[in-house]
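# Observations on the model geometry
Next come the chains, spelled out residue by residue.
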Amino acid sequence: MSLRPIRLGDLAAKLGRELEGDGDVEIGGAAALESAGPGDLSFVRSRRFAGLLASSRAGAVIVPPGVDPGGRPAIRSAQPGLDFARAVRCIVPEPPRAAGVHPTAWIAPDARVDESAAIGPHCSVGARCAVGPRALLHANVSLYQDVTVGADCVLHAGCVLRERTALGERVVLQPGVVLGGDGFGYVANERGVLERVPQIGRVVVDDDVEIGANTTIDRGALGDTRVGRRTKIDNLVQVGHNCEIGEDVVIVAQVGLSGSTRVERGAMLMGQVGSAGHLTIGERAFVAGQSGLHRDVPPRARVMGTPAREERTSHRMLAALARLPELLGRVRAIERRLGKRDGGGD
């Protein structure tokens, strides 16, 4: 990892934020408050972390309004987390992409690879594939036939894109992503034996999507499985065939979406959510972790639990459940008193 030291004043100017203190301080790294040293930049998300800031050795900080930086130079920001992420990109820039095809890679004769693209060791680029400008394929990426990879995409090691998968521009696939595998489709024949239903659709991923490690997205059975622009999908997610995921969706680790699930724009699914098939999760809905969906989720609704219910209702149920041992004890005490009275002939 190569670091690029920068003056704090220059960094504040790049971020478009107000500088407080010595702008000539040189920032050579970025770290959390607990581990930062005198040459590092750190950040404080809110006043809740002010105590941690007081004991930090960070040389400079990004802080929200109302937080005292403790005498050290600071960049004042209404969105410290966002500006810190942007600052890290300045301090730790991505390594340059060296264009060209590694000698161990195999490129089909009729594939089109832009001269500015980089194809890593042991990659396989199948017939009629198209790899766009500045795209980067790390080691052992496999593209079946007729795959399209747009400009500035990054496919990390071990990704597999089945036939006719299409990526837009600036798509990032973390290691081990599989796009376009056959969906789970079978039908019983006359003897009750399962026969596989051919899966002849595609996976289409729009611009600026990021997909986490070892996530799998199945091809459509007939039409396409689609992922909309700017959507972010975490590690170990399973998306079934013919799902439609809209723009700006967030899907956290270990979510499982059964076939033909529709997730509308801006929805957020937390870890280990499971959805039955043919459901719609509405625009900007929030589904809490480990929820089980058995029916549609309305737009902007907040649901949790299995089966999923409105969030406040679920909270009340959990609160009541915590009191269950106490309530059972009270019921048994009442039963004992009533039993004695009955036995006494009252």
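Residues numbered from 1 in each chain as written. Predicted model: local features only at pLDDT ≥ 70, side-chain atom pairs only at ≥ 80, totals over all residues. Heavy atoms only, no water.

## A look at the overall build of the protein
Going by this rule: Numbered from the N terminus, helices here are DSSP runs of H or I no shorter than four residues, and strands are runs of E no shorter than two. The globule rule is 2.2 Å times the number of residues to the power 0.38, and the radius of gyration it is compared with is taken over C-alpha atoms. What makes two residues a contact is simply this: any of their non-hydrogen atoms within 4.5 Å. Per-residue and other accessible areas follow the Shrake-Rupley method at a 1.4 Å probe size, with only the shown protein chains counted as cover for residues. Positive residues here are Lys and Arg, negative ones are Asp and Glu, while His and the chain termini are left out of the count. We put the charge of a Lys on NZ, of an Arg on CZ, of an Asp on CG and of a Glu on CD.
The secondary structure content of the protein amounts to five helices and 40 strands. Relative to the compact-globule value of 20 Å for 346 residues, the protein shows a C-alpha radius of gyration of 27 Å, a clear excess of over 25%. Taking the principal axes of its C-alpha atoms as reference, the protein extends roughly 100 × 75 × 30 Å. Intrachain contacts of the protein at a sequence separation of at least 6 include 19% that bridge at least 24 residues. A total accessible area of about 18,100 Å² is found for the protein, and carbon and sulfur atoms account for 52% of it. With 43 positive and 40 negative side-chain charges, the protein shows a spacing of 6 Å between the two charge centroids.

## Things to note about the packing of helix H1 (residues 8-15) against helix H3 (residues 80-91)
What counts is decided by this rule: Axis angles are defined between N-to-C directions and span 0 to 180 degrees, where every axis is a line fitted to C-alpha atoms and, for a helix, only to the segment in contact. In this scheme, roughly parallel covers angles under 35 degrees and roughly antiparallel covers those over 145, while 65 to 115 is roughly perpendicular and the rest are oblique. Left-handed describes a crossing whose near helix is turned anticlockwise from the far helix through less than a right angle; right-handed describes the clockwise counterpart.
Interaxial distance between H1 and H3 falls to 10 Å at its minimum, and their mutual angle equals 125 degrees. The angle between the axes of H1 and H3 places the two elements in the oblique class. Like other packed secondary-structure pairs, H1 and H3 cross with a definite hand, here right-handed. Residues Leu11, Lys14 and Leu15 of H1 form the contact with H3, whose participating residues are Asp83, Arg86, Ala87, Cys90 and Ile91.

## Notes on the side chain of Glu163
The cut-off we apply is this: By the criterion applied in these results, polar contacts are pairs of N or O atoms within 3.5 Å in which, for protein atoms, one can donate a hydrogen and the other can accept it, and in which residues neighboring in sequence qualify only through two side-chain atoms.
Positionally, Glu163 belongs in the loop between strand E18 (160-161) and strand E19 (166-167). Only 3.1 Å separates the side chain of Glu163 from the side chain of Arg219, close enough to count as a polar contact.

## Description of the side chain of Asp218
Our working definition: A simple rule labels every residue: compare its accessible area, found with a 1.4 Å probe on the protein chains alone, to the largest value its type can have, and call it buried under 20%, exposed over 50%, or partly exposed in between. Definition used for salt bridges: Asp or Glu carboxyl oxygen within 4 Å of a side-chain nitrogen of Lys or Arg.
Looking at the element boundaries, Asp218 is found in strand E26 (residues 216-218). No salt bridge is formed by the buried Asp218; its nearest oppositely charged neighbour, Arg219, is found at 8.1 Å. If near-sequence neighbours (up to four positions away) are discounted, Asp218 is found in contact with Gly180, Gly181, Asp182, Gly183, Phe184, Val203, Thr225, Gln238, Val239, Gly240 and His241.

## Examining the nonpolar core
Where we set the bar: Residues belong to one nonpolar core when they are buried, are Ala, Val, Leu, Ile, Met, Phe, Trp, Tyr or Cys, and are joined through side-chain atoms within 4.5 Å.
Among the nonpolar cores identified, the biggest contains 52 residues, and Leu143, Leu155, Leu161, Leu167, Leu173 and Leu179 are the most heavily contacted of them. If sequence neighbours within four positions are ignored, Leu167 has contacts with Thr148, Val149, Gly150, Cys153, Leu155, Leu161, Leu173, Leu179 and Val205. Core analysis: the next-biggest nonpolar cluster, separate from the first, contains 14 residues, Leu11, Ile27, Leu41 and Ile62 among them.

## Points about the packing of aromatic side chains
Definition in use: Between 30 and 60 degrees the pair is tilted, below 30 it is stacked and above 60 it is edge-to-face, where a pair is any two Phe, Tyr or Trp rings, Trp via its six-membered ring, whose centres lie within 6.5 Å.
In this structure the tally under the stated criterion is two aromatic pairs. Arranged with centres 4.6 Å apart and planes meeting at 25 degrees, the rings of Phe43 and Phe84 form a pair that is stacked. Here the residue Phe43 occupies a position in strand E5 (residues 40-43), and Phe84 occupies one in helix H3, the gap between them amounting to 41 residues. Relative to Tyr186, the ring of Phe184 lies with its centre 5.2 Å away and its plane at 70 degrees, an arrangement referred to as edge-to-face. Assessed through its relative accessible area of 74%, Phe184 is described here as exposed. Taking relative accessible area as the criterion, Tyr186 reaches 44% and is therefore assigned partly exposed.

## Details of H1
The condition is simple: Each direction from the helix axis to a C-beta atom contributes to the arc, which is the arc of those directions.
Among the residues making up H1, those that are buried are Leu8, Gly9, Leu11, Ala12 and Leu15. Along the axis of H1, the buried residues cluster in a sector spanning 160 degrees; they form a single face. The exposed residues of H1 that point more than 90 degrees off its buried face are Ala13 and Lys14. A positive backbone phi angle near 70 degrees is found at Gly16, which sits one or two residues after H1.

## Things to note about the sheet that holds E5
Strands belonging to one sheet form pairs held by backbone hydrogen bonds; the direction of such a pair is parallel or antiparallel. Stated precisely, the cut-off is as follows: When DSSP finds at least two bridges between two strands, those strands are taken to pair.
Overall, mixed pairing links the five strands, which are arranged E2-E7-E6-E5-E4 in an open sheet. The open sheet terminates on both sides in strands that have one partner only, identified here as strand E2 (18-20) and strand E4 (29-30). With three bridges connecting them, strand E6 (residues 60-63) and strand E7 (residues 74-76) associate as parallel partners. Directly across from Val63, in E7, lies its bridge partner Arg76.

## Some words on the state of the cysteines
The line we're drawing: We call a pair of cysteine sulfur atoms a disulfide when they lie within 2.5 Å.
According to the stated counting rule, one finds zero disulfides in the structure shown. Sulfur of Cys123: no disulfide; nearest cysteine sulfur belongs to Cys159 and is 9.6 Å away. You can call Cys123 buried: its relative accessible area is 2%.

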